[in-house]
Amino acid sequence: MEAEIIRCAVQDHIAVVTMDRPPVNAVNAQFLENMMRVFDALSDRDDARVAILTGAGKMFCAGADIKARLAHEPQPGDFWQHSRRAREAFHSILECRVPVIGAINGPALGAGLGIVASCDILIASEHALLGLPEINVGLLGGGRHTMRLFPHSKSRRMMFTGQRLTGAELYRLGVVEECVPADKLMDTARALAAEIAAKSPVAIRLAKHALNAIEFMSLRDGYRFEQNMTGELSKYEDSREAMRAFVEKRPPVFKGR
């Protein structure tokens, strides 16, 4: 068994989650299990209001561990089990009750792109790369997650050719919020995280829940859902505090209830 490879540290209501499986943060079963456990735990932690997800070393995540796949003699059920773990690991990020900022420090390939696409907000370093190398290594996958980030033609070109896009290109396309020098990445992510952490944690969790729920709804159904969430939020003390602070022209003091 490898050491814990998805590390999490919480300070000032900001969780920093670091993928740390040298040398390239390649994905295996333990990686996926750890990912699920960390993000599911963050959903239940009162001290965490926002998370930053990044990679240790020069890679964000290199995708599937191809060497391990070749060395392993598959057993009945292995494929289905691994596929299920991957789906649920990505969804543990997407469904985490707190917003997740992806701080893309280096290449995010294949499954790494799936992890990126599961985050709420993206910031890239100048060393970032996104791509789907599966077509070149006898695999498929990642296309649906790519469609969350890129338009039709670009998604298909990436899927068919393995094209990789730099941080600067990702910023030009509007996929990431910022592209910054590598030594500024975490400071930039922390500044954004601090801005989110200063909001009512109740409002932020309901906002993320609403955004996830309405993504594929019609305009009418989606707006109705948001209106219902506004009604739900109005039952909390934080909602009244936000309104009072606005009227009284002072910073709000949120209690998360």
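Per chain, residues are indexed from 1 in the order of the written sequence. Totals for whole chains, interfaces and linings use every residue, but because this is a predicted model, local features are given only for residues with pLDDT of at least 70 and side-chain atom pairs only at 80 or more, for both listing and counting. Side-chain numbers come from the whole structure's heavy atoms, not from hydrogens or water.

Chemist: What is the right way to look at helix H1 (residues 29–44) in this model?
Modeler: The periodicity of an α-helix, 3.6 residues per turn, causes residues three or four places apart in sequence to face the same way. In this description a helix means any DSSP run of H or I spanning at least four residues, a strand means any run of E spanning at least two, and both kinds are numbered starting from the N terminus. Under the convention used throughout, the expected extent of a helix is 1.5 Å for every residue step, that is, one less than its residue count. With 16 residues, H1 extends 23 Å from end C-alpha to end C-alpha; this agrees with the ideal 22 Å at 1.5 Å per step. Regarding H1, its N-cap is Asn-28, as a side-chain oxygen of that residue lies 3.3 Å from the backbone nitrogen of Gln-30 further along. Polar contacts, as used here, are pairs of N or O atoms within 3.5 Å; protein pairs need one atom able to donate a hydrogen and one able to accept it. Residues neighboring in sequence count only if both atoms are side-chain atoms.

Chemist: Looking at this model, I keep getting lost on the layout of surface pockets. Mind explaining?
Modeler: To find leftover empty space, a probe the size of one water molecule is rolled over the atoms. Roughly 1,400 Å³ of volume is contained in the largest pocket. Lining the largest pocket we find 45 residues, and of these Ala-64, Arg-69, His-82, Ala-86 and Ala-111 sit closest to its centre. Broken down by secondary-structure element, the contributors of at least two residues to the lining of the largest pocket are strand E5 (63–64), helix H2 (66–71), helix H3 (78–94), helix H4 (111–117) and helix H5 (143–149). Its residues assigned to classes, the lining of the largest pocket shows 19 nonpolar, 15 polar and eleven charged. By volume, the second largest pocket is sized at about 400 Å³. Space inside and on the surface of the protein is sampled on a 1 Å grid over the protein atoms alone, with a cavity defined as a set of points where a 1.4 Å probe fits but cannot get out and a pocket as an open set with protein on both sides within 12 Å along at least 5 of 7 lines; lining residues have an atom within 4 Å of a point. Grid points are joined across faces, edges and corners, and a volume is the space filled by probe spheres set on the points. Amino acid classes used here: Ala, Val, Leu, Ile, Met, Phe, Trp, Tyr, Cys and Pro are nonpolar; Asp, Glu, Lys and Arg are charged; the rest, including Gly, are polar.

Chemist: What is the right way to look at helix H8 (residues 185–197) in this model?
Modeler: Here H8 contains 13 residues, and its C-alpha end-to-end distance of 18 Å stays within 8% of the 18 Å for a straight helix at 1.5 Å per residue. Exposed residues in this analysis have more than 50% of their type's maximum accessible area, buried residues have under 20%, and partly exposed residues fall in between, with area computed by a 1.4 Å probe over protein chains only. Leu-185, Thr-188, Ala-189, Ala-193, Ile-196 and Ala-197 are the residues of H8 that are buried. The elements touched by buried residues of H8 are strand E2 (14–19), strand E4 (50–55), strand E6 (100–104), strand E8 (121–125), strand E11 (178–180) and helix H9 (201–214). Whether two residues touch is decided by their heavy atoms; if any such pair falls within 4.5 Å, the residues are in contact.

Chemist: I keep staring at the sheet that holds strand E10 (residues 164–166) and nothing clicks. Help me out?
Modeler: In a beta sheet, neighbouring strands are held together by backbone hydrogen bonds and run either parallel or antiparallel to one another. Pairing in this open sheet of three strands is mixed, and the strands run E7-E9-E10 from one edge to the other. Both edges of this open sheet fall to strand E7 (107–109) and E10, since each of them pairs with a single strand only. The mean inter-strand angle of the sheet, taken between neighbouring strand axes irrespective of direction, is 15°. Any two strands with at least two DSSP bridges between them are considered paired. For helices, the fitted line uses only the C-alpha atoms of the stretch in contact; every axis is such a line through C-alpha atoms, and the angle between N-to-C directions lies from 0 to 180 degrees.

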